[in-house]
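The lines below spell out each chain.
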Amino acid sequence: MAFYSDEPLIGKHKTIFDTTLRDGEQTPGVSLTNEQKLKIARQLDKLGVDVLEAGFPISSEGEKQNVRAIASEGLSLDVCGLARVLQKDLDACIDCGVDMVHTFVSTSDIQRIHTIKKTREEVVSMAVNAVEYIKDHGAKCMFSAMDATRTDLDYLIEVFKAVEGAGCDIINVPDTVGVMSPSGMYRLISQVHSNVNIPIDVHCHNDFGIAVANSLMAVEAGASQVQVTVNGIGERAGNANLAQVVMCLQSIYGVKTNINTEYLLETSKMVENFTGIHMPPNTPIVGDNAFAHESGIHTHGVLEKADTFEPGIMTPEMVGHRRRIVLGKHAGKHAVKQSLSEIGIQPTEEQLDEILSRIKTIANRGKRICDADLHAVASAVLGKN
Ligand code: KIV
Ligand code: ZN
């Protein structure tokens, strides 16, 4: 298969960290019940994500119970809990029996000075203490330098080296307010990669609509794990979209992940349903129109050979979707002929021209053509009415 990337990533394996139940649930207006969270956790396990951030246990007793319930589900994935670099937060995660504790502290001057009000030295020592505490309690540890992309680079590397020295398993580089450019992300991750010897994870926010691009550039630069959410939900404009990151990695770069991509649509629909956040039809991969064709030239091509007007390296079947031929004002003869044959009607060329013309007239009035309309038009033209 051809991969559309120059980077030497073909065959490399990358892991997927899902934060739908944590950052995703921070989407304004979204509140999931514990039962819904458990269902999403099981679905993400079936989908094949490697690590699931189940929640922020210190935030409430209900959240803690839910993280504990997910951690005791016996899922194949690693269950992770979020904690500030504070002992009470770390204890709350450890009490839930999670496999991994994800601890974070602000490192950018703007957040450090205006939110936590700590010196740079205090931040390093709080981070190191938190990592040591987690490791002493036998859990895996991920450390996030919150607002990493707005942090002074030398200081960021100092913090990462300090947590590496404390036994941290993986460091995360969050683009907390989504301001990084793809090339800036490539340079930043390359710098971190050449200074730190533990795996690198990225967490990109979508404020400018480039969270997926930034995540991919991070992978090109050496990141081994990407944080995503189903449907890209999350704080403000959300996080990198799981389906998009995974399909780009697999289909464009030839990277291997553990994701069973045929469950992508099903997973997206579940999260749409539970959150009430609906994907526009033109959403890549999982949107209703992702594999729909209306114009005559496109449908003719696709009916001959799907790759003519689809990526080819990604088929609807790969993501649990289906191809749709839509009859509208841009429809052509081939599409109408195909749709008629699916309902058992074989018109002559002359009848087909007449059916097409009537369909275009209806569509031009702004009406969507459904099978019943097609049947009615065909019956009228074939004289069966
Ligand atoms: O956006 C962010 O920085 C976060 C951290 C907790 C990783 O969500
Ligand atoms: Zn975030």
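Residues numbered from 1 in each chain as written. Chains lettered and ligands numbered in written order. Predicted model: local features only at pLDDT ≥ 70, side-chain atom pairs only at ≥ 80, totals over all residues.

With an unreviewed UniProt entry as reference, the protein is termed Probable 2-isopropylmalate synthase, source organism Methanolobus chelungpuianus. Under the UniProt heading Catalytic activity (unreviewed entry), the entry covering the protein gives this text: "3-methyl-2-oxobutanoate + acetyl-CoA + H2O = (2S)-2-isopropylmalate + CoA + H(+)". (UniProt positions renumbered as here; feature names shortened; annotations may be inferred.)

What is the right way to read the overall build of the protein from this model?
Counting secondary structure elements, the protein contains 14 helices and ten strands. C-alpha atoms of the protein, sized along the principal axes, occupy 85 × 45 × 35 Å. The buried share of the protein, taken over its 385 residues, is 44%. Nonlocal contacts in the protein, meaning residues at least 24 apart in sequence, comprise 71% of its contacts between residues at least 6 apart. (Helix = DSSP H or I, 4+ residues; strand = E, 2+ residues; numbered from the N terminus. Buried ≥ 20, exposed ≤ 12 C-beta atoms within 10 Å, placed from the backbone. Contact = placed C-beta atoms within 7 Å.)

For this particular structure, what's the right way to read the packing of helix H11 (residues 296–304) against helix H12 (residues 333–342)?
Packed helices, taken two at a time, are described by their axes: the angle between them and the distance between them. Direction vectors running N to C along H11 and H12 enclose 55 degrees, while the axes themselves pass 7 Å from each other. In terms of their interaxial angle, H11 and H12 are classed as oblique. In this structure, H11 contributes Gly-296, Thr-299, His-300 and Leu-303 to the contact, and H12 contributes His-334, Ala-335 and Gln-338. When its residues are assigned to classes, the contact of H11 with H12 shows two nonpolar, five polar and no charged. (Axes fitted to C-alpha atoms, helices over the stretch in contact; angles between N-to-C directions. Parallel < 35°, antiparallel > 145°, perpendicular 65-115°, else oblique. Nonpolar A, V, L, I, M, F, W, Y, C, P; charged D, E, K, R; others polar.)

Please clarify how the sheet that holds strand S6 (residues 170–175) should be interpreted in this entry.
Hydrogen bonds between backbone groups are what pair the strands of a sheet, and the pairing can be parallel or antiparallel. The eight strands are arranged S1-S2-S3-S4-S5-S6-S7-S8 in a closed barrel whose pairing can be described as parallel. Along the sheet, successive strands turn relative to each other by an average axial angle of 25 degrees, direction set aside. Packed onto the sheet, helix H5 (residues 120–136) meets strand S4 (100–106) and strand S5 (140–146) and runs at close to 175 degrees relative to S4. With respect to the sheet, helix H6 (residues 153–165) is in contact with S5 and S6, its orientation differing from that of S5 by roughly 165 degrees. (Pairing = 2+ DSSP bridges.)

Please clarify how helix H14 (residues 371–381) should be interpreted in this entry.
Within an α-helix, residues lying three or four positions from one another point in the same direction, as the helix has 3.6 residues per turn. Considered for burial, the residues of H14 that qualify are Leu-374, Val-377, Ala-378 and Val-381. Buried residues of H14, viewed axially, fall in a sector of 95 degrees; they line one side. Where the residues of H14 are buried, they touch H12 and helix H13 (349–364). Looking one or two residues past H14, Gly-383 carries a phi angle of roughly 75 degrees, positive in sign. (Arc of directions from axis to C-beta.)

Sorry if this is basic, but what is going on with the pairing of S5 here?
Counting buried positions along S5 yields six of seven residues, so the element is predominantly enclosed. Of the pairings in the sheet, the one linking S4 to S5 comprises seven bridges and is parallel in character. Bridge pairing in S5 links His-102 to Met-142. Taken together, the three bridges between S5 and S6 define a ladder with parallel strand orientation. Across the sheet, Met-142 pairs through a bridge with Ile-170, a residue of S6. Between the parallel elements S5 and S6, the chain passes through H6 in a crossover that is right-handed. (Right-handed = clockwise from strand over helix to strand, strands pointing away.)

Just checking my understanding: could you explain the site of ligand 1 for this structure?
Near ligand 1, the surroundings consist of Asp-23, Phe-104, Ser-144, Met-146, Asn-172, Pro-174, Thr-176, His-203 and His-205. At the level of elements, S5 and S6 are the ones that each hand at least two residues to the shell around ligand 1. Here the shell around ligand 1 is composed, by residue class, of three nonpolar, five polar and one charged. (Near = placed C-beta within 6 Å.)

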